[in-house]
Amino acid sequence: MAIASVALLTACGTGGDGGTGGADSSEAPTELGENESTVSILAWPGYVEDGSNDPSVDWVSAFEEETGCMVTSKTYGTSDEAFNLMKTGEYDVVAASGDASLRLVAAGDVAPVNTDLIPNYEGIYDFLKMQDWNSVDGVAYGIPHGYGANLLMYNTDAVTPAPTSWDVVFDESAQYTGKVTAYDSPIYIADAAMYLMTHQPDLGIENPYSLDETQLAAAVDLLKAQRENIGEYWSDYLKSIQAFETGDTVVGTTWQVIRNSLAEGTPAEVVLPEEGVTGWSDTWMVASEAQSPNCAYAWLNYIASPEANAQATEYFGEAPSNQGACDFTVNPDQCEIFHAGDEEYASQIWYWSTPIEDCLDGRTDVKCTDYSDWTTAWQEIKG
């Protein structure tokens, strides 16, 4: 996709005209200087742990001792919140999911990254590098952190036989009225689009994040029908855990960490349905006007190291991005559970990517709907 087409997303936010550390923000640095004394990080909960939440969970202190960069951090709950917080210019680094990363690029809030200045980049799985959600026109905009799938979870007592398709939350969801759940975000429209790829092939959907107006309308219609049977949408995974434990929810979208966190004896299992799944591959990005660009690069290199990457992704509940991380997990089965490095498994995941007007599937005869269109559609779906 071209820089020009990504720039169309600037309607969703404000642009930045400054540079990282005083340099032109449209170019990555060619060398680094001395580390500053602090670095400010914006991230998902569980990505920047310093022992204050749990004394036994701390990978930040080692970074501070090693680099002299003292960390301040803030967590966010949704990608939209992260996007808006980055507009303040208060953060040097952000961990962004694919439904925010291109918006941050388009708004000028993040800068290209010179991966040659990040030695641990070499150890990251190749299938996560230079993808639609972390690069533009062959230019890297960040470092992969961890990745995972949006799986289907079901109550084994209430949902029989064991489902193999997403039809239990779409075309067949009426039998579970009030006990179906779905992820609360405009990016969930892609889940419906992915389902339609198999069940309504005449729509011609080839990429669930690349929808023209007709295709988006079809996904919206499917989600409006589903809405009648939704008990609760979720964005806080702790609430999803509780809903499955109490039986208030019996089927819907989940993460592996949610299944792993259920109370012992909860009758629930997860499956990767035949249509495939959506998922995420988060990216560490450097602010275009970072006040501590050298410490920002130090953090990107540190968090991509096998040891730190293992700690952070195991704690959160996702596959690590560094192929050496599996040697450092506390649970020897961690990488097997999350299918780390399994390219065949990963190939079934449609990773979150920001919808843009220039179709991601390569079509040039139509304009695709962008994230602002999806946001409007999501509001319409939820009513």
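Residues numbered from 1 in each chain as written. Predicted model: local features only at pLDDT ≥ 70, side-chain atom pairs only at ≥ 80, totals over all residues. Heavy atoms only, no water.

> Would you mind going over the pattern of salt bridges with me for this structure?
Two side chains with opposite charge may pair up if their charged atoms get near one another. A full pass over the atoms with the stated rule returns 8 salt bridges. K224 is the salt-bridge partner of E380, the closest N and O atoms lying 2.5 Å from each other. Of the two residues, E380 is situated in helix α13 (residues 371-382) and K224 in helix α6 (residues 213-227); the sequence distance between them amounts to 156 residues. Taking the relative accessible area as the measure of exposure, E380 reaches 47% and is therefore partly exposed. Among the residues examined, K224 registers a relative accessible area of 32% and is labelled partly exposed. Put simply, D361 and R363 hold a salt bridge, and the shortest N to O gap is 2.8 Å. Just as D361 is buried, R363 falls in that class too. The network of salt bridges with shared partners includes D212, D361 and R363. (Salt bridge = Lys/Arg side-chain N within 4 Å of Asp/Glu carboxyl O. Helix = DSSP H or I, 4+ residues; strand = E, 2+ residues; numbered from the N terminus. Buried < 20%, exposed > 50% of the residue type's maximum accessible area, 1.4 Å probe, protein only.)

> Mind showing me how you'd approach the sheet that holds strand β9 (residues 180-183) here?
Think of a sheet as strands paired side by side through backbone hydrogen bonds, with each pair either parallel or antiparallel. On the basis of which strands lie adjacent, the open sheet formed by 5 strands has the order β10-β9-β11-β8-β12 and mixed pairing. Two strands close off the open sheet at either side, each with one partner strand: β10 (230-234) and β12 (268-271). For this sheet, the mean angle separating the axes of adjacent strands, direction not counted, is 25 degrees. For strand β8 (residues 151-155) and strand β11 (residues 251-254), the ladder comprises 4 bridges, and the chain directions are antiparallel. Paired with Y154 across the strands is V251, a residue of β11. (Pairing = 2+ DSSP bridges. Axes fitted to C-alpha atoms, helices over the stretch in contact; angles between N-to-C directions.)

> What am I meant to see in empty space enclosed by the protein here?
If a probe the size of a water molecule is rolled over the atoms, the empty space left behind becomes visible. In total, this model carries 3 cavities of 30 Å³ or more according to the counting rule given. The volume enclosed by the largest cavity comes to roughly 100 Å³. In this structure, the largest cavity is lined by 14 residues; those nearest its centre are G148, A149, Q256, F338 and Y345. Of all the secondary structure elements, the ones that give two or more residues to the lining of the largest cavity are β7 (143-149) and α8 (256-261). (1 Å grid on protein atoms, 1.4 Å probe; cavity = no way out; pocket = protein on both sides within 12 Å on 5 of 7 lines; lining within 4 Å. Points joined across faces, edges and corners; volume = space filled by probe spheres on them.)

> Honestly, the state of the cysteines in this entry has me stumped. Any pointers?
A covalent bond between the sulfur atoms of two cysteines is referred to as a disulfide. Enumeration over the complete set of coordinates arrives at 3 disulfides. At a sulfur-sulfur separation of 2.1 Å, the disulfide partner of C326 is C335. Taking the torsion about the sulfur-sulfur bond, which here is approximately -100 degrees, the covalent link between C326 and C335 counts as left-handed. The partly exposed category is assigned to C326, whose relative accessible area is 28%. Disulfide pairing is shown between C359 and C368; the S-S distance is 2.1 Å. One quick way to see it: the torsion about the S-S bond of C359 and C368 is about 105 degrees, and its sign makes the bridge right-handed. C368 gets classed as buried once you look at its relative accessible area, which sits at 5%. Numbered in order of appearance, the disulfide-bonded cysteines of the protein chain are paired 1-2, 3-4, 5-6. (Disulfide = S-S within 2.5 Å.)

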